[in-house]
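For reference, the chains in residue letters:
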Amino acid sequence: MNFSQFPYCSPCYPSWNTKYKCWDYIKKDSQSIQFDYANEDFTTDAPIPVAPGLTISTVTLTNLKAGSAVSLNGLFLVNNNSATPGSIGVQIYKNSINSANIIYSAEIEIDGAGSDDLGQPIPVLYVDPIKLYEKKATYFLSVYKIDETDNLSVIGQATLTATAYGKATY
């Protein structure tokens, strides 16, 4: 935070913040943060299909404001039961599972069996800027395998979080 606009404010001197009411001024102008998460449990292997669309996790935020940003963080584990490496595609869809609504896409290689492949972590990070007309957004974390012969599956915990940060004005 830039305290240059408030010459008597400093995070090192909280008593000054109280004396000059700077902290109250900053808090008043800040917008609230929204948060949603989904933890899914894939205790038994969930085979990954070739076609896109296996939804691992879904989150929804409401009351979004134009100009704010949604930070999306995901983590899930993939197991490869093939002797050779395999590849997956990871996507985040916004509002519906439709190829026109993909906001994030990546391809990731998964180690072959016997090469520390059990529960290989797949991290996902993306920031979605909110447009003027958007008031609500649902995000879908999805995975598919690229090669039909690969023997890949999702195993263990899968998490997706969405945090909306309001635009603060000082």
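Cut-offs applied
- Residues numbered from 1 in each chain as written.
- Predicted model: local features only at pLDDT ≥ 70, side-chain atom pairs only at ≥ 80, totals over all residues.
- Heavy atoms only, no water.
- Helix = DSSP H or I, 4+ residues; strand = E, 2+ residues; numbered from the N terminus.
- Buried < 20%, exposed > 50% of the residue type's maximum accessible area, 1.4 Å probe, protein only.
- Contact = heavy atoms within 4.5 Å.
- Areas by Shrake-Rupley, 256 points an atom, 1.4 Å probe, with all protein chains shown as cover.
- Pairing = 2+ DSSP bridges.
- Axes fitted to C-alpha atoms, helices over the stretch in contact; angles between N-to-C directions.
- Core = buried A, V, L, I, M, F, W, Y, C linked by side-chain atoms within 4.5 Å.
- Salt bridge = Lys/Arg side-chain N within 4 Å of Asp/Glu carboxyl O.

### Structural notes on the overall build of the chain
When its secondary structure is counted, the chain shows two helices and eight strands. A buried classification covers 40% of the 170 residues belonging to the chain. Of all intrachain contacts in the chain linking residues separated by at least 6 positions in sequence, the fraction that spans at least 24 positions is 79%. Of the accessible surface of the chain, which amounts to about 9600 Å², a share of 54% is contributed by carbon and sulfur atoms.

### Here we look at the sheet that holds strand β7 (residues 137-145)
Ordered in space as β2-β7-β4-β5, the four strands form an open sheet in which the pairing is antiparallel. The open sheet has two free edges, formed respectively by β2 (54-61) and β5 (102-110), since each of these has just one partner strand. In this sheet, neighbouring strand axes are inclined to one another by 15 degrees on average, regardless of whether the strands run parallel or antiparallel. Sheet topology note: the β2/β7 ladder contains seven bridges and is antiparallel. Across the sheet, the residue bridging to Thr58 is Phe140, located in β7.

### Some thoughts on the nonpolar core
Formed by 31 residues in total, the largest nonpolar core has its most connected members in Val70, Phe76, Ile88 and Val90. Of all the secondary-structure elements, those providing two or more residues to this core are β1 (34-47), β2, β3 (69-80), β4 (86-94), β5, β6 (120-129), β7 and β8 (152-165). If one sorts the elements of this core by residue count, β8 sits on top with six residues. Every residue in contact with Val70, bar those within four places of it in the chain, is listed here: Leu61, Leu64, Tyr126, Val127, Asp128, Ile130, Tyr139, Ala162, Thr163 and Ala164.

### Regarding the sheet that holds β6
Taken in spatial order, the four strands make up an open sheet running β1-β8-β3-β6, and their pairing is antiparallel. Strands at the two margins of the open sheet, each flanked by one partner only, are β1 and β6. Averaged over all adjacent pairs, the angle separating strand axes in this sheet is 10 degrees, with direction ignored. Sheet analysis places β3 next to β8, joined by ten bridges and oriented antiparallel. Each residue of the ladder has a partner; that of Val70, found in β8, is Ala164.

### Details of the pattern of salt bridges
Under the defined criterion, the tally for this structure stands at two salt bridges. One salt bridge in this structure joins Lys94 and Asp128, with 2.6 Å as the shortest N-O distance. Taken as a pair, Lys94 in strand β4 and Asp128 in strand β6 lie far apart in primary sequence, 34 residues in all. The two residues Lys94 and Asp128 agree in class, both being buried. The salt bridge involving Glu134 is made with Lys94; its shortest N-O contact spans 2.5 Å. Placement of the pair is Glu134 in the loop between β6 and β7 and Lys94 in strand β4, with a sequence separation of 40 residues.

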